[in-house]
Each structure stands twice: as structure tokens, then as C-alpha cells.
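# Report on the structure
Residues per chain are reported as follows:
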Amino acid sequence: MVTIRLRVNGKAREVSVRPNETLLDVLRERLGLTGTKKGCVLGDCGACTVLLDGKPVNSCLVLAVDAAHGEVLTVEGLAENGGLHPLQEAFIRYGAIQCGYCSPGMLLSLKALLDREPYPTREQVMSAISGNLCRCGGYHKIADAAQAASSAGERGGDDRS
């Protein structure tokens, strides 16, 4: 076991992990953050997407020891001050959630996009979620929600009010 320190959803955490343990397993099994979904475990579906130092990663492919000293954001950390993140609100408003299994990964991929590109084109939105598989086929509603969150000034960047 190796003890690592990282920040998860803004809180300092210290966790003892096995050297071969993934960030996904640490988040779900040791920290109880089950919003990050365990999908294919091969990095193909994006259900396990989290932000590591502001960039989307498939947490099933990242060793926890490689995330040491990093800043991790999971879907549980999107909401602030008791309110939903603007992307979450737009997902609800546009019916972009069907079964919901892909939603946490989609939301985090889109947050990363809106953080770097506050007013993305449809093509940029589709590119940002190209690593996230929606088995319900809800891509158009998801893209509509992302663009609404951005064009309405409800972007998910750090400068949101």
C-alpha cells in the first residue's frame, strides 16, 4: 500500500492505495463517490470521466498513484452552494438525461470544454463528447443542453457567477 494525497472536489484527501489500483476504484470504493460510473474499464465508453487538473481523463485508465497531488473533480463536485451547475440544469431542461449512466462523464467532458471555450460551436461540443458513449443515443439533446448552458451565459467555466 502507498499513501497518496490529492484534492477531490476541493477537499484534501489522503488515501492508502495499492500500486495497481485505478483512480476510478479509489473514487468509488474508498471515497464513496459513486457518481463516477464504472463502464467498460477499457477507456472506450467515457462513463468514468473525471477532471484531473482540469482535463478530462478516463479514470479507469489512470493509476491512483499517478493522480497523487492532483486536483480531481467528479460529478459530485459540480454543484456548488446547494445549487446545480448550469450544465446540470441545462441537461434537465433539455431532457438530455435518459438512463443517466453516461451523464456524469458527459457533464465533466463538457465542463472541461466550456472552461476553455465558453461559446463552443456544435462541432466543438460533439468533439468534446466524442469519447463518451451514450447508449440511449441522446447526443443531440446533450449538445443542445451544452450550447444552451453556454449561449445563455450559464457557462460552466471558472468565471461563472
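Scroll up a little and you will see the structure.
Notes on the structure in this doc start here. Nothing here was measured: the structure is a model prediction, and the numbers come from that model.

Reading guide: rules and limits
Residues numbered from 1 in each chain as written. Predicted model: local features only at pLDDT ≥ 70, side-chain atom pairs only at ≥ 80, totals over all residues. Heavy atoms only, no water. Helix = DSSP H or I, 4+ residues; strand = E, 2+ residues; numbered from the N terminus. Contact = heavy atoms within 4.5 Å. Polar contact = N/O pair within 3.5 Å; in protein donor to acceptor, adjacent residues only side chain to side chain. Core = buried A, V, L, I, M, F, W, Y, C linked by side-chain atoms within 4.5 Å. Buried < 20%, exposed > 50% of the residue type's maximum accessible area, 1.4 Å probe, protein only. Salt bridge = Lys/Arg side-chain N within 4 Å of Asp/Glu carboxyl O. Patch = residues over 30% accessible without salt bridge, like charges linked within 9 Å, V, L, I, M, F, W, Y side chains within 5 Å. Areas by Shrake-Rupley, 256 points an atom, 1.4 Å probe, with all protein chains shown as cover.

### Observations regarding the environment of Asp144
- Tracing the sequence through the fold places Asp144 in helix 5 (residues 139-151).
- Considered as a pair, Asp144 and Val125 are 19 residues apart in the sequence and their alpha carbons are 9.2 Å apart.
- Among residues more than four places away in sequence, those in contact with Asp144 are Tyr94 and Arg122.
- A polar contact is formed between the side chain of Asp144 and the side chain of Arg122, at a distance of 2.6 Å.

### Details of the nonpolar core
- Counting residues in hydrophobic clusters, the biggest one holds 25 residues, and the most contacted among them are Leu87, Phe91, Met106, Leu110 and Ile142.
- Among the elements of the structure, helix 2 (86-93), helix 3 (103-116), helix 4 (122-128) and helix 5 are those that each provide at least two residues to this core.
- A total of seven residues in this core trace back to one element, the largest contributor, which is helix 3.
- Grouped together as the second largest cluster of nonpolar side chains are 17 residues, Ile4, Val8, Val17 and Ala64 included.

### Some points on the pattern of salt bridges
- If you walk through the whole model with that rule in mind, you get eight salt bridges.
- A salt bridge links Arg5 to Glu14; its shortest N-O distance comes to 2.9 Å.
- Accessibility expressed as a relative area gives 53% for Glu14, which makes it exposed.
- With a shortest N-O distance of 2.8 Å, Glu21 and Arg30 are connected by a salt bridge.
- Salt bridges sharing common partners tie together Arg18, Glu21 and Arg30.

### What to know about helix 1 (residues 23-30)
- The complete set of buried residues in helix 1 reads Leu23, Leu24, Asp25, Val26 and Leu27.
- Close packing links the buried residues of helix 1 with strand 1 (2-8), strand 2 (11-17), strand 3 (49-52) and strand 5 (71-73).
- After helix 1 finishes, the residue Gly32 shows a positive phi value of roughly 70°.

### Looking at helix 2
- Within the sequence span of helix 2, burial applies to Pro86, Leu87, Gln88, Ala90 and Phe91.
- Among the structural elements, helix 3 and helix 5 are those in contact with the buried residues of helix 2.

### Regarding a nonpolar patch on the surface
- Taken together, Leu84, Ile92 and Ile97 make up a surface patch of nonpolar side chains, about 270 Å² in accessible area.
- Tracing the sequence through the fold places Ile97 in the loop between helix 2 and helix 3.
- For Ile97, a relative accessible area of 40% puts it in the partly exposed group.

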